[in-house]
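Here are the chains, one letter per residue:
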Amino acid sequence: MPEGDTIFRAAAALHRALAGRVVTGFDTALAPLARVHDDSPITGRTVDRCESVGKHLLITFSGDLVLRTHMRMSGSWHLYRPGERWQRRPNAMRVRLDTDTWVAVAFDVPVAEFLTTRDLGRSRALNTLGPDLLSPAFNRDEALARMAGAGARSIAEVLLDQRVIAGIGNVFKSEVLFLCGIHPDRLASMLAPADFARVVDVAVPLMRANTGAAASSGIVTYRGLRRTTRQASGEETLWVYGRVGKPCRKCGTPIASAKRGIDARSTYWCPACQPLP
Ligand SMILES: [Zn+2]
């Protein structure tokens with residue numbers, strides 16, 4: 001599942017390719033989008049900017065129109081040169097934006113809607129989002145307050161709740177808790193303010209490093225792979241995620257894993273480095 005860093009990178013790539021360009025063609029497999037296009041065509045508008053808000057990707061066009069997409073489990077945006085062969089089947093195309101130099105294609109996005117700026121201000125999906133870890137305006141105090149108020153839920157579940165903090169997905173959840181030495185099953189209501197501060201202060205630089213914005217920290221994305229360790233090798237890019245039964249990189253204890261929560265998302269941890277009190 002794409003996490004905040006992936007969406008941030010996708011938005012940055014789309015922005016570099018499309019911003020300031022005129023849309024020369026538009027196609028969609030989604031009827032509600034097609035209806036908007038019929039009434040007030042997307043073709044001929046200029047792309048003003050592309051940005052991420054949590055895991056939402058917003059493309060703003062001239063004439064007060066914003067395309068909001070959310071990838072959920074399966075969606076992705078691709079950029080192609082005109083005429084270049086797509087890496088996905090054409091019937092997976094949901095939205096296609098043509099400019100003279102690039103073609104942006106959204107494949108299998110389950111959520112896509114056109115909004116005006118006014119709609120955007122009222123959008124429940126966006127208004128309920130917690131502070132965005134990747135935003136330059138990230139509000140740390142607000143994030144800490146929301147975590148402290150998250151109640152008797154496991155910290156693993158709280159980190160995935162985009163209303164508490166926006167941007168963390170399943171991989172970063174396990175990696176951040178490992179780096180903080182916090183067992184994923186510990187209840188947020190039983191954690192101390194210092195624990196939340198540690199989680200946020202580990203998560204922010206880690207996620208920013210994976211957007212390519214903080215390569216000087218020594219943690220950089222390597223051929224598009226997500227990295228939380230400082231190893232360049234593809235085998236050693238993550239501390240615990242996906243490593244069930246393998247020795248902990250710090251202490252050698254076999255990494256544990258369990259599926260929990262409504263989506264049965266896998267959580268990984270080291271039983272020795274992340275003890276239950
Ligand atoms: Zn360990």
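Read on for an overview of the structure. Fair warning: this is a prediction, and the values are worked out from it, not measured in the lab.

### Some points on the overall build of the protein chain
Now for step 1: The number of helices and strands found in the protein chain is eight helices and 10 strands.
Now for step 2: Counting every position in the protein chain, which comprises 277 residues, the buried fraction comes to 48%.
Now for step 3: Within the protein chain, residue pairs in contact and separated by at least 24 positions form 57% of the contacts whose partners lie at least 6 positions apart.
Now for step 4: Of the roughly 12900 Å² of accessible surface on the protein chain, 52% is carried by carbon and sulfur atoms.

### Observations regarding the pattern of salt bridges
Now for step 1: Counting across every chain of the model gives 11 salt bridges.
Now for step 2: For R94, the salt bridge goes to D108, with nearest N and O atoms at 3.1 Å. Here the residue R94 occupies a position in strand β6 (residues 93-98), and D108 occupies one in the loop between β7 (103-107) and β8 (111-115), the gap between them amounting to 14 residues.

### Some words on the packing of helix α7 (residues 170-180) against helix α8 (residues 193-209)
Now for step 1: Direction vectors running N to C along α7 and α8 enclose 125°, while the axes themselves pass 9 Å from each other. In this view, α7 runs oblique relative to α8, as classed from their interaxial angle. For the pair α7 and α8, the sense of crossing is right-handed. Between α7, through F172, V176, L177, L179 and C180, and α8, the contact on the second element is made entirely by R198, V199, V202, A203, L206 and M207.
Now for step 2: Residue classes in the contact of α7 with α8 are distributed as 10 nonpolar, no polar and one charged.

### Examining the side chain of T28
Now for step 1: Inspection of the secondary structure assignment puts T28 in strand β1 (residues 25-28).
Now for step 2: Judged by relative accessible area, T28 falls into the buried class, the value being 16%.
Now for step 3: Engagement of the side chain of T28 in a polar contact is seen with the backbone nitrogen of L30, the distance being 3.0 Å.
Now for step 4: Excluding anything up to four places from it in sequence, T28 contacts L33, A34, M93, R94 and V95.

### Thoughts on the coordination of the zinc ion
Now for step 1: The protein atoms that coordinate the zinc ion are C248 (SG), C251 (SG), C270 (SG) and C273 (SG), at distances of 2.2 to 2.4 Å.
Now for step 2: Here the zinc ion binds four donor atoms, and the angle range of 101 to 113° at the metal identifies the geometry as tetrahedral.
Now for step 3: The class for C273 is partly exposed, based on a relative accessible area of 24%.

### Some details on the pairing of strand β10 (residues 265-269)
Now for step 1: Most of β10 is tucked away: five of the five residues are buried.
Now for step 2: The alternating pattern of β10 places R265, T267 and W269 and S266 and Y268 on opposite faces, both of which are buried.
Now for step 3: The sheet contact formed by strand β9 (residues 256-260) and β10 spans five bridges and is antiparallel. From the neighbouring strand, K259 faces β10, where its bridge partner is S266.

### Let's talk about the nonpolar core
Now for step 1: Membership of the largest hydrophobic core comes to 29 residues, with the highest contact counts inside it found for M147, I155, L159, I165, I168 and V199.
Now for step 2: Breaking this core down by element, the ones donating at least two residues are α5 (140-148), α6 (155-160), α7 and α8.
Now for step 3: With sequence-adjacent residues up to four places away left out, L159 is seen in contact with M147, I165, I168, K173, L177 and V199.
Now for step 4: Core analysis: the second largest hydrophobic core is formed by 25 residues, I7, A17, L33 and L67 among them.

Definitions and limits used
Residues numbered from 1 in each chain as written. Predicted model: local features only at pLDDT ≥ 70, side-chain atom pairs only at ≥ 80, totals over all residues. Heavy atoms only, no water. Helix = DSSP H or I, 4+ residues; strand = E, 2+ residues; numbered from the N terminus. Buried < 20%, exposed > 50% of the residue type's maximum accessible area, 1.4 Å probe, protein only. Contact = heavy atoms within 4.5 Å. Areas by Shrake-Rupley, 256 points an atom, 1.4 Å probe, with all protein chains shown as cover. Salt bridge = Lys/Arg side-chain N within 4 Å of Asp/Glu carboxyl O. Axes fitted to C-alpha atoms, helices over the stretch in contact; angles between N-to-C directions. Parallel < 35°, antiparallel > 145°, perpendicular 65-115°, else oblique. Left-handed = near helix turned anticlockwise from the far one by under 90°. Nonpolar A, V, L, I, M, F, W, Y, C, P; charged D, E, K, R; others polar. Polar contact = N/O pair within 3.5 Å; in protein donor to acceptor, adjacent residues only side chain to side chain. Donors = N, O, S within 2.8 Å, 3.2 Å for Na, K, Ca; no water. Tetrahedral: all angles 85-135°; square planar, octahedral: opposite > 155°, others 65-115°. Pairing = 2+ DSSP bridges. Core = buried A, V, L, I, M, F, W, Y, C linked by side-chain atoms within 4.5 Å.

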